[in-house]
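Residue-level structural notes
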Amino acid sequence: MSASTATSASVPASASASVNAATRKARRRSAALGVAAWVVGIGFCLPALWMVLTSFHAEADAATNPPSIAATLTLDGYRTFFGGGGGPTPWPPLVNSLAASFFSTVLVLLLALPAAYALSIRRVRKWTDVMFFFLSTKMLPVVAGLLPVYLFAKNTGLLDNIWLLVLLYTSMNLPIAVWMMQSFLADVPVSIIEAAQVDGARLPTVLRRVVAPVAGPGIAATALICFIFSWNELLFARVLTGVVAGTAPVHLTTFVTSQGLFLAQLCAASVVVSLPVLVAGYAAQDKLVQGLSLGAVK
Amino acid sequence: MTVTATRETTSPPTPAKRPDGGGRRRAWATRAPLLPALVFLIAVTQLPFVATLVISLFDWNSLKPEKRHFTGFSNYASVFTDEALRESVVTTVVLTASVVIVSVVLGLLFALLLDRAFFGRGFVRTLLITPFLLVPVSAALLWKHALYNPEYGLFNGALTWFGELFGIESIAQPEWTSQMPLIAIEASLVWQWTPFMMLILLAGLQSRPAEIMEAARLDGAGPWQMFRYLTLPHLRRYLELGILLGSVYIVQNFDAVFTITSGGLGTANLPYTVYETFYRAHEYGLASAAGVVVVIGTIVIATFALRTVSSLFREEASRS
């Protein structure tokens, strides 16, 4: 492999021929690696693809050994999941998840934007310490505060209430949001902000008119990531909600036990619940890395 | 709590204070936008933890509330002497370490594959990150029922296929989740976390200085040499970051353990054990002590994580 480039600069007569051979060899190698990447990609994604395929099978075809790939496709799994056939509808949990994720994302943005602004544009003294305090709360395992939160909720009647989830999801996502936005806002030229301030603009105006247009895509990506994390959360929702405020992940876990195992229906349910996150995640692919590595990797 | 880690980070020089009288008011105006977030976080994350610390010092079973009393550190003694709890400490370490190591290695291989241009690269990348974007519960359910199920799961189905292909009558049909419960959980977690590692390492690969790589190539360095002496050292920080962030998240894993085995067959990790101890066994004091132990473990990892992030962060600052 390493010989290909080493020979290129030597004998003039055979030089062009060996360069051709070398590039041909390199091209063949990169074509092979491209094929390998495709094989790895499809193979790795196979369980997810299998889930999608199974979700379109009839129950009888879904639960066979060996699996029936060519079985007729049907929407029955989805129809039953959405309550056709007299089962419970998944709408309350889906709406709960949507509401909890949406409101906590809004709250996160309202709190994180000014904070990130203070941390990135006006350098607060000891600002790195503050940044690291935010980050350190993210490292605090959720189980460590679960019991007191549960007791608090039980004694105040907040149990089984999505607003409690909204508060907890906000605290879960706030550190990440502050870090991400801090790195996005750092790209806003300070001179524009100072010019706006000289013109008499106050903080909300500066944020809306100057910061938001420049850092808009970053803020949107932050919002998406917060939404994803809230949508995915299981432990808090499982412990703190029940009949009324149960979220989609909780609905998924109770799904199997309450109705016995219907594989096609379970796959359909998993696809439906994952769909918002998949769409959001694909949309934010590039910013996802930066967000998940807390702004440390650009 | 992780104050020690932040001590050594040097703050950048702050702008000199204006000598005019409004200095103090100006300083407050600067800090004010930060306060709501700070106060909110302290109230919602730190206060419950303090409460957990206090509860951990009590012998408190919620089914026998009248017997609640202060016991000092005896709950901690139980955490470390109780066989089941001790096992869950070991399980947590094994689970976290194996998932992180395997997903980092796989993630590095995937990142290297995706680092070059080829037809459909964007699509393959999308395929590869899909497992990470599935809701963790659905991923766990998918593995438990659609893949591991001994009667109609994909794995045993594929085995039957192979059997038919080669004319083997009754091919072995393992019961994955009961014969190798921990490995079953680990496999599903590796599947979910490899894309995360790949994304971070891909960012690292693409930030390699192109001139230096080109210069090395012209000097006759082979692919392996370039990888060993240029790429790997450059990736070190990204590897550290991936390992440490991955550890912090996977140490806290609840969804997969809860869904795939419900903590049975020696797969209960600490978060699951804490959940079980307080939610099912109603042992509030013991659960809190176990929770505090999880926190201490995480702080050890987090201290390194913060140090890594802060050094990346400093590099970033010095570059700009």
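Residue indices begin from 1 for each chain and proceed along its sequence in written order. Labels follow written order: the first chain is A, the first ligand is 1, and so on. Only residues with pLDDT of at least 70 get local features here, since the model is predicted, and only at 80 or more are side-chain atom pairs given and counted; chain-wide, interface and lining totals rely on the full set of residues. Hydrogens and waters are ignored; side-chain quantities use all the structure's heavy atoms.

The number of helices and strands found in chain A is 14 helices and zero strands. Pairs of residues are marked as contacts when any of their non-hydrogen atoms sit within 4.5 Å. Once local pairs closer than 6 in sequence are excluded, the contacts in chain A between residues at least 24 apart make up 72%. For accessible areas, the Shrake-Rupley method is used with a probe of radius 1.4 Å. Any residue's cover is judged against the shown protein chains and nothing else. Of the roughly 12,400 Å² of accessible surface on chain A, 68% is carried by carbon and sulfur atoms. A run of H or I in DSSP counts as a helix once it spans at least four residues, and a run of E counts as a strand once it spans at least two, with each numbered from the N terminus.

Turning next to the overall build of chain B. Counting its regular elements, chain B contains 15 helices and two strands. Relative to its length of 320 residues, chain B is extended, with a C-alpha radius of gyration of 25 Å against a globular reference of 20 Å. Each principal axis of the C-alpha distribution contributes one length, and for chain B these read about 90 × 75 × 30 Å. Here chain B holds 320 residues, and 52% of them are scored as buried. The long-range share in chain B, meaning contacts at least 24 apart out of those at least 6 apart in sequence, stands at 69%. Carbon together with sulfur atoms contributes 65% to the accessible area of chain B, which is approximately 15,200 Å² in total. When the 24 positive and 22 negative side-chain charges of chain B are each reduced to one mean point, those points stand 16 Å apart. Radius of gyration here is computed from C-alpha atoms only, and the compact-globule reference equals 2.2 Å multiplied by the residue count raised to the power 0.38. Burial here depends on accessible area, computed with a 1.4 Å probe over protein chains only, as a share of the maximum for the residue type. Under 20% is buried, over 50% is exposed, and the range in between is partly exposed. Only four residue types enter the tally: Lys and Arg on the positive side, Asp and Glu on the negative side, with His and both chain ends excluded. For this purpose, a charge sits on NZ of Lys, CZ of Arg, CG of Asp or CD of Glu.

One finds Phe134(A), Leu174(A) and Val211(A) to be the most contacted residues of the largest nonpolar core, which totals 185 residues. Non-local contacts of Leu174(A), meaning those with residues more than four positions away in its chain, are made with Val108(A), Leu111(A), Ala112(A), Ala37(B), Phe40(B) and Leu41(B). The term nonpolar core refers to a set of buried residues drawn from Ala, Val, Leu, Ile, Met, Phe, Trp, Tyr and Cys, joined through side-chain atoms within 4.5 Å.

Let's shift gears to unusual backbone geometry. A positive phi angle is found at Asp160(A), which is not glycine, with a value near 60°. Position of Asp160(A) among the secondary structure elements: in the loop between α7 (143-156) and α8 (162-185). Given a relative accessible area of 21%, Asp160(A) falls into the partly exposed group. A positive phi is found at His282(B), a non-glycine position, where the angle reads about 60°.

Facing 111 residues of chain B, the contacting portion of chain A comprises 102 residues. Throughout, the accessible surface (probe 1.4 Å) given up by two parts as they are put together, summed over both, is called the buried area. For the pairing of chain B and chain A, the buried interface totals around 9,500 Å² over both sides, and the portion due to carbon and sulfur atoms is 78%. Salt bridges, as used here, are contacts in which a Lys or Arg side-chain nitrogen is within 4 Å of a carboxyl oxygen on Asp or Glu. Where chain B meets chain A, there are zero salt bridges. Pairs of N or O atoms within 3.5 Å make up the polar contacts considered here, provided that, within protein, one atom can donate a hydrogen while the other can accept it, and that residues adjacent in sequence are counted only when both atoms are side-chain atoms. Our enumeration of links across chain B and chain A arrives at eight residue pairs in polar contact (both at pLDDT 80 or more). When residue character is reported, Ala, Val, Leu, Ile, Met, Phe, Trp, Tyr, Cys and Pro are called nonpolar, Asp, Glu, Lys and Arg charged, and the others, Gly included, polar. Counted by class, the side of chain B that touches chain A contains 73 nonpolar, 27 polar and eleven charged residues.

With that out of the way, let us pick up a positive patch on the surface. Each patch is assembled from residues with relative accessible area greater than 30% and no salt bridge, linking like charges that lie within 9 Å and nonpolar side chains (Val, Leu, Ile, Met, Phe, Trp, Tyr) that lie within 5 Å. Taken together, the side chains of Arg24(A), Lys25(A), Arg27(A), Arg28(A), Arg29(A) and Arg116(B) present a region of like positive charge at the surface. Within the fold, Lys25(A) resides in helix α2 (residues 12-55).

Moving on, we get to the pattern of salt bridges. Residue and element names in this part refer to chain B. All chains considered together, the criterion is met by six salt bridges over all chains. With its nearest N and O atoms 2.5 Å apart, the salt bridge here joins Arg208 to Asp115. Taken together, the residues span a long stretch of sequence, with Arg208 in the loop between α10 (181-206) and α11 (210-218) and Asp115 in the loop between α5 (83-114) and α6 (121-133) at a distance of 93 residues. Given a relative accessible area of 17%, Arg208 falls into the buried group. Residue Asp115 is classed as partly exposed on the basis of its relative accessible area of 21%. A salt bridge links Glu240 to Arg237, with the shortest nitrogen-to-oxygen separation between them at 3.8 Å. Pair noted here: Glu240 and Arg237 are both in helix α12 (residues 223-251), with a separation of three residues, about one helical turn. Taken together, the shared-partner salt bridges connect Arg236, Arg237 and Glu240 into one network.

All names here are of chain A. Residues Phe102, Phe103, Val106, Leu110 and Trp163 make up a contiguous nonpolar surface patch of roughly 510 Å² in combined accessible area. Top contributing element to the nonpolar patch by residue count: helix α5 (residues 91-120), with four residues. Assignment of secondary structure puts Val106 in helix α5.

Let's shift gears to the packing of aromatic side chains. Pairs were defined over the aromatic rings of Phe, Tyr and Trp, the Trp ring being its six-membered one, requiring ring centres within 6.5 Å. Orientation was assigned from the angle between planes: stacked under 30 degrees, edge-to-face over 60, tilted for the rest. The tally for this structure, following the rule as stated, stands at 37 aromatic pairs over all chains. Between the aromatic rings of Tyr150(A) and Phe278(B), the centroid separation amounts to 5.4 Å while the plane-to-plane angle is 65°, which identifies the pairing as edge-to-face. Of the two residues, Tyr150(A) sits in helix α7 while Phe278(B) sits in helix α14 (residues 270-279), which places them in two different chains. You can call Tyr150(A) buried: its relative accessible area is 14%. Ring plane angle 90° and centroid distance 5.9 Å describe the contact between Phe258(B) and Tyr275(B), whose orientation is recorded as edge-to-face. You can see Phe258(B) sitting in helix α13 (residues 255-260) and its partner Tyr275(B) sitting in helix α14, a full 17 residues away along the chain. Of the residues examined, Tyr275(B) reaches a relative accessible area of 0% and is grouped as buried.

Further remarks concern α5(A). In this model α5(A) runs 41 Å from its N-terminal to its C-terminal C-alpha over 30 residues, within 8% of the 44 Å that 1.5 Å per residue would give. The quantity called bend is, for any residue, the angle between two axes fitted respectively to the seven residues ending at it and the seven beginning at it. By the largest-angle criterion, Ala112(A) marks the main kink of α5(A), which is about 25°, and a proline, Pro114(A), follows within four residues. Here the expected span of a helix is defined as 1.5 Å times the quantity of residues minus one.

All names here are of chain A. Packing of α5 against α8 brings their axes to within 6 Å, and their N-to-C directions diverge by 40°. Crossing of α5 over α8 shows right-handed handedness. Class assignment of the residues belonging to the contact of α5 with α8 gives a composition of 24 nonpolar, six polar and no charged. Axis definition: a line fitted to C-alpha atoms, over the contacting stretch in the case of helices. Angles run 0 to 180 degrees between N-to-C directions. Here a crossing is taken to be left-handed if its near helix is turned anticlockwise relative to the far helix by less than a right angle, and right-handed if that turn runs clockwise.

This paragraph deals with the confidence of the model for chain B. Residues and elements named next belong to chain B. Within a predicted model, pLDDT stands for the predictor's per-residue confidence, ranging from 0 to 100. Here chain B averages 82 in pLDDT, and 90% of its residues register 70 or above. Across chain B, the secondary-structure element scoring lowest on mean pLDDT is helix α1 (residues 3-7), at 39, and the one scoring highest is α10, at 92. In the predicted structure, residues 1-20 sits below a pLDDT of 50 and forms 31 contacts with residues beyond four places in sequence or in another chain. What the predictor reports for the complex is a pTM of 0.83 with an ipTM of 0.83.

All names here are of chain A. Following the sequence through the fold, Pro141 ends up in the loop between α6 (127-138) and α7. Assessed through its relative accessible area of 3%, Pro141 is described here as buried. Between the C-alpha atoms of Pro141 and Met131, which are ten residues apart in sequence, the distance is 18 Å.

So, on to the side chain of Ser183(A). Residue placement: Ser183(A) occurs in helix α8. A distance of 2.8 Å separates a polar atom in the side chain of Ser183(A) from the backbone oxygen of Met180(A).

All names here are of chain A. The geometry of helix α9 (residues 190-198) relative to helix α10 (residues 203-232) is characterised by a closest axis approach of 10 Å and an angle of 145° between their N-to-C directions. Crossing handedness for the pair α9 and α10: right-handed. Judged by residue contacts, Ile192, Ile193, Ala196 and Gln197 of α9 engage Val206, Val210 and Val211 from α10.

Next up on the list: the environment of Leu230(B). Residue and element names in this part refer to chain B. Within the element layout of this structure, Leu230 appears in helix α12. Considering only alpha carbons, one finds Leu230 and Leu106, 124 residues apart in sequence, at a separation of 20 Å. Those residues in contact with Leu230 that lie beyond four places of it in its chain are Ile212, Met213, Ala216 and Gln225.

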